[in-house]
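Chain by chain, the residues:
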Amino acid sequence: MISEFKNTAYLDYSVEANRQAMESALKQVEAQTAREYPLFIDGKDVRTGELLKSYNPCEKTQVLGTFHMAGRKEVDLAMQAALRAFESWRHVDPKERAIVIFKAAEIMRRRRHELSALMVLEAGKNWNEADGDTAEAIDFLEFYGREMLRYSDRQPLVPAAGEFVEQIYIPLGVGAVIPPWNFPLAILTGMTGAAIVAGNTVLLKPASDTPAIGYRLVEIFQEAGLPPGVLNYIPGSGSKIGDYLVAHPQTRFISFTGSKEVGLRINQLAATHSPGQIWVKRVIAEMGGKDAIVVDDTADLAAAVEGVALAAFGFQGQKCSACSRAIIHEKIYEEFVERLVARVRKITTGPVADRANWMGAVINASAQQKMLEYIAIGKREGQLVSGGEKGPEAGYFVMPTIFKDVAANARLSCEEIFGPVLAVTKAKDFEQALAFANATEYGLTGAVYTRDRDKIVLAKRDFHVGNLYINRKCTGALVGVNPFGGFNMSGTDSKAGGRDYLLLFLQAKAIAEKL
Ligand code: NDP
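Residues numbered from 1 in each chain as written. Predicted model: local features only at pLDDT ≥ 70, side-chain atom pairs only at ≥ 80, totals over all residues. Heavy atoms only, no water.

Q: Got a minute to help me understand unusual backbone geometry in this structure?
A: In the Ramachandran plot, Asp405 falls in the positive-phi region, its phi being about 60° despite a non-glycine side chain. For Asp405, the position within the fold is in the loop between β15 (401-404) and α13 (411-414). Positioned with a positive phi, Phe418 is a non-glycine residue whose angle comes to about 60°. Inspection of the secondary structure puts Phe418 in the loop between α13 and β16 (421-427). (Helix = DSSP H or I, 4+ residues; strand = E, 2+ residues; numbered from the N terminus.)

So, in structure tokens, the structure goes:
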């Protein structure tokens, strides 16, 4: 009997033992910065000599590792290995496959501090954000393992006289898994774990900003006993090998999380038939967001201010679920802005290896540049009331920035900036606030703060987002509790961490035997 799924509890770093463990993990990770990482194909290390360095965004010059990069040749090599491995892995009893990923979860628990420390350094997550990422990765493995057991059970069908009927779920084939850098362990683990436990084999191309964390997953699965060729690790530039990987005639599915632009390109390429291809490729794409929090005049203002501050600036606003628009009822507008600015002034910004800093640097120089360009646009579209500049020069810092009086159709309100830049908009009533919130091509997360039951009912009906939160912030989805994924340009309507997700990596075979 397997125990019921439970979410992993977060660590409390005010507890001395946890703090010390994290500090020594940070030292341990920093001591490995000279390490060179190979590709991992068919259970073997592969070195190409084409190298990429990974850096700490909070300390621009600190190298965290050097990575061999895949080209087309290595994609082909990995594809052949994955095709071979698929012929046996697909037939492994789903229970055995689940055991491998449960073991991987156990290894992650053992390496928890190291994984989180690496995210502090490679992605610029503060300690709690990094721990949340590791906890979510563990949850994905535990959840999808149980889901595979559920799908491998006998499925309910309508009985037919004189026939024995069954429906079984079988894997798809070789998948390309292409994760982003912003949840460098959780999303990468979720996408990879789901594909593998379902019986597929994988070509994993990590995001170029966070390859060190991606490599840890490979080590973990190796230790958990995953057979060679089931998971092949091929870091490489998305623009160089991405198209080749997606268009490859033997790629059966693409599991992608990232920007709208890349997601749409993948969707288009995958829809084009390549010579020799014998299936319609499946694309699972989880894309961007322009998420809004609506604050009504009946709201608990203190809770709303806190919720907006955390959702807008947690992990520097670099979450697909981050609040990038606050839409506020005119009656409380000025008071809300004043209190929000006061709250945001308390945010500490600096290298997050130091636990005293809550906000770290943004991921890289081009992200910082893009944010500064949006800040310049914001100065034309609204009134700057907080931030609006770079932070300490040692890293790619952008101070938490708030613009008020931004129109609902301004660029700042419509385009995903993916950084600590918040647009605040005034609405004359709740209905207009909801209309503004929906006036975006995305539909990922949203929140509403109100004490009015009728408005809650209205928001539940009309706020068109995949993840709606009432009287709480719009970030922080939990596996199994808040199945995650959005509408419209936010993706292909999948729900990571939900009961439908594993189906995306499976196909159903219905069998009838005449008796
Ligand atoms: P990108 O779209 O830039 O990159 C995502 C991944 O795609 C990376 O591994 C990247 O590789 C790869 N890639 C780039 N070009 C191609 C290509 N032509 N073909 C195939 N793969 C390619 O997104 P970011 O990593 O910057 O992530 C941020 C985005 O992700 C935001 O838009 C955010 O909203 C979204 N996101 C959505 C989530 C959701 O659940 N809906 C969750 C988390 C993030 P490389 O790094 O080498 O360029």
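On we go.
Q: I would appreciate a short explanation of the site of the ligand in the present structure.
A: In the region of the ligand, 33 residues are neighbours, and Ser208, Ser259, Met287, Cys320 and Glu416 sit closest. The contact in question runs from an oxygen atom of the ligand to an N or O atom on the side chain of Lys205, over 3.0 Å. In this structure, an oxygen atom belonging to the ligand sits 2.8 Å away from a main-chain N or O atom of Gly238. Protein coverage of the free-state accessible area of the ligand, which is 910 Å², stands at 88%. Mapped by element, the contributors of at least two residues to the shell around the ligand are α8 (238-247), β10 (253-257) and α9 (260-271). The element contributing the most residues to the shell around the ligand is α8, with four residues. Here the shell around the ligand is built from residues that sort into 15 nonpolar, 13 polar and five charged. (Near = heavy atom within 4 Å. Polar contact = N/O pair within 3.5 Å; in protein donor to acceptor, adjacent residues only side chain to side chain. Areas by Shrake-Rupley, 256 points an atom, 1.4 Å probe, with all protein chains shown as cover. Nonpolar A, V, L, I, M, F, W, Y, C, P; charged D, E, K, R; others polar.)

Q: Help me understand the sheet that holds strand β14 (residues 383-386) in this model?
A: Adjacent strands of a sheet form backbone hydrogen bonds with each other and so pair up, either parallel or antiparallel. The strand order across the open sheet formed by seven strands is β14-β15-β16-β13-β12-β18-β19, and the pairing between neighbours is mixed. The open sheet has two free edges, formed respectively by β14 and β19 (467-470), since each of these has just one partner strand. Mean inter-strand twist for the sheet, computed between neighbouring axes without regard to direction, equals 20°. (Pairing = 2+ DSSP bridges. Axes fitted to C-alpha atoms, helices over the stretch in contact; angles between N-to-C directions.)

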